[in-house]
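Breakdown of the fold
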Amino acid sequence: VLGMALVKIEIEDVQEKLISTSHAIHSAQSIDEILLTLKTPILQMFDASFVTIYAVDHSRNEIYSKIKSGEATSEIRVPISPQSIAGWVALEKRIINIINVYDADELKKYGPNLSFDSSWDKKSGIKTKAMLVYPITHENKLMGVLQLVNKQSEESFSAQDEKNAKIVCQTLGLGFFNQHKLSQAKASKFSYLLVHGIVTEDELNTVTAKSRSDKVDVETLLLQDLGLKRDQVGKSLEHFYKTPYFGYSDSFVLSEQVFGGLNKDFLAKNCWVPL
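Here's a quick rundown of the structure.

Conventions used here
Residues numbered from 1 in each chain as written. Predicted model: local features only at pLDDT ≥ 70, side-chain atom pairs only at ≥ 80, totals over all residues. Heavy atoms only, no water. Helix = DSSP H or I, 4+ residues; strand = E, 2+ residues; numbered from the N terminus. Buried < 20%, exposed > 50% of the residue type's maximum accessible area, 1.4 Å probe, protein only. Contact = heavy atoms within 4.5 Å. Areas by Shrake-Rupley, 256 points an atom, 1.4 Å probe, with all protein chains shown as cover. Polar contact = N/O pair within 3.5 Å; in protein donor to acceptor, adjacent residues only side chain to side chain. Core = buried A, V, L, I, M, F, W, Y, C linked by side-chain atoms within 4.5 Å. 1 Å grid on protein atoms, 1.4 Å probe; cavity = no way out; pocket = protein on both sides within 12 Å on 5 of 7 lines; lining within 4 Å. Points joined across faces, edges and corners; volume = space filled by probe spheres on them. Nonpolar A, V, L, I, M, F, W, Y, C, P; charged D, E, K, R; others polar. Salt bridge = Lys/Arg side-chain N within 4 Å of Asp/Glu carboxyl O. Phe/Tyr/Trp six-rings, centres within 6.5 Å; stacked < 30°, edge-to-face > 60°. Pairing = 2+ DSSP bridges.

1. Examining the overall build of the protein
Tallying secondary structure elements over the protein gives twelve helices and six strands in all. Sorting the 275 residues of the protein into buried and exposed places 38% on the buried side. In the protein, the share of contacts with a sequence separation of at least 24, taken over all contacts with a separation of at least 6, comes to 56%. When the accessible surface of the protein is totalled, it reaches about 16,500 Å², and 53% of it is carbon and sulfur.

Dropping the structure here:
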């Protein structure tokens, strides 16, 4: 009974981490943010020693990741080819779960030309052994690669780890796709709403036209006519202006410094809608 209870607790813990990680992916403001900030929760979820999240660069036929050391950020680039395990997974869009990356016979089970690039081991002095590498795709199009190294509590990654990696990579794939779509969309205060399917282009065109004819700001019409929530509109403005959104509160007093250089008469006449 105690064993079953412990298993149940462990499953519930993993499910909570999956939900939390999914939320973090969808809340990210950029691909770089995903590459740099999602590593810790994924490490904890899989009990891995190292994790690398790669995004794809189709123009250079490479996958790349970002590493932050102090204030400096550096980039890792890997060719999409069989010359590395991550590159092979990107090329084939197939999962690899290896017990020992230095076992040539085990590597050949996946492909005759597959090899392990040991240059990182030589530089870091850390020995790679077990590796779970999963392709990140969206609608069967390559978006990146998730690479997990060295399971800490066991010899290798389990079948359950593979299932969890699939869920994480599906979410990452959608997150990367949305970020690409957002970057390609015409920059506006409401691109975020379009990209995430909160409003359609026709709906936005309609309220924009009504805003001009009735001399009412678009934000008001999004709230009143389309029934959007204030935090949805706020999130879109936050994404466009690259600054945190705070909902209106009559108990919160802004510092005088915030209004430096602004025309207070203009604000008093025009900023009457509390988002």
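Structure shown, so let's carry the discussion forward.
2. What to know about the environment of Asp225
Turning to its location among the elements, Asp225 is positioned in the loop between α10 (218–224) and α11 (230–241). Judged by relative accessible area, Asp225 falls into the partly exposed class, the value being 39%. Sequence separation between Asp225 and Val207 is 18 residues; the distance between their C-alpha atoms is 7.9 Å. At 2.8 Å, the side chain of Asp225 and the side chain of Lys210 are in polar contact.

3. Quick look at the side chain of Asn178
Assignment of secondary structure puts Asn178 in helix α7 (residues 159–184). Residue Asn178 is classed as buried on the basis of its relative accessible area, which comes to 11%. Apart from the residues lying within four places of it in its own chain, the contact partners of Asn178 are Val195 and His196.

4. Observations regarding the nonpolar core
Ranked by internal contacts, the top residues of the largest apolar core, which has 28 residues, are Ile42, Ile53, Leu146, Leu148 and Phe176. With five residues, α7 is the largest single contributor of residues to this core. The contact partners of Phe176, leaving out residues within four places of it in the chain, are Ile31, Ile34, Leu35, Ile53, Tyr54, Ala55, Ile136 and Met143. Core analysis: the next-biggest nonpolar cluster, separate from the first, contains 21 residues, Val56, Trp88, Ala90 and Leu114 among them.

5. Re empty space enclosed by the protein
The rolling of a water-molecule-sized probe over the atoms marks out the regions of remaining empty space. If you walk through the whole model with that rule in mind, you get two cavities of 30 Å³ or more. Quantified by volume, the largest cavity comes out at close to 40 Å³. Lining the largest cavity, in full, are Ile25, His26, Ala28, Gly175, Asn178, Gln179 and His196. Elements represented by at least two residues in the lining of the largest cavity include exactly α1 (2–27) and α7. Of all the elements, α7 adds the most residues to the lining of the largest cavity, at three residues. Grouping the constituent residues of the lining of the largest cavity by class yields two nonpolar, five polar and no charged. Quantified by volume, the second largest cavity comes out at close to 40 Å³. Those elements giving two or more residues to the lining of the second largest cavity turn out to be α1 and α11. Grouping the amino acids of the lining of the second largest cavity by side-chain chemistry returns two nonpolar, six polar and one charged.

6. Concerning the pattern of salt bridges
Scanning the model with the defined rule gives nine salt bridges in all. The partner of Glu219 in a salt bridge is Lys189, with the nearest N and O atoms 3.1 Å apart. Here Glu219 is found in helix α10, whereas its partner Lys189 is found in the loop between α7 and α8 (191–195), with 30 residues between them in sequence. Ionic contacts of the salt-bridge type, sharing partners, join the residues Asp57, Arg60, Glu62, Glu75 and Arg77 into one network.

7. Some details on the packing of aromatic side chains
This model, assessed by the stated rule, comprises three aromatic pairs. Ring geometry for Tyr102 against Phe116: centres 5.1 Å apart, planes inclined by 75°, an arrangement best described as edge-to-face. Separated by 14 residues along the polypeptide, Tyr102 in the loop between β4 (96–98) and α5 (104–108) and Phe116 in the loop between α5 and α6 (119–124) bring together distant segments of the chain. A centroid spacing of 4.9 Å and a plane angle of 80° characterise the contact between Phe240 and Tyr241, whose relative ring orientation is edge-to-face. On the basis of relative accessibility, which here comes to 35%, the residue Phe240 falls in the partly exposed class. Residue Tyr241 is classed as partly exposed on the basis of its relative accessible area, which comes to 48%.

8. A few points about the environment of Leu142
By secondary structure assignment, the location of Leu142 is in strand β6 (residues 141–151). Judged by relative accessible area, Leu142 falls into the buried class, the value being 7%.

9. Here we look at the pairing of strand β3 (residues 72–79)
Pairing of strand β2 (residues 62–69) with β3, which is carried by eight bridges, proceeds in the antiparallel orientation. Residue pairing for β3: Lys66 is matched across the bridge by Glu75. Connecting β2 to the antiparallel partner β3 that follows it, the hairpin turn spans two residues, and Gly70 within it adopts a positive phi of roughly 65°.

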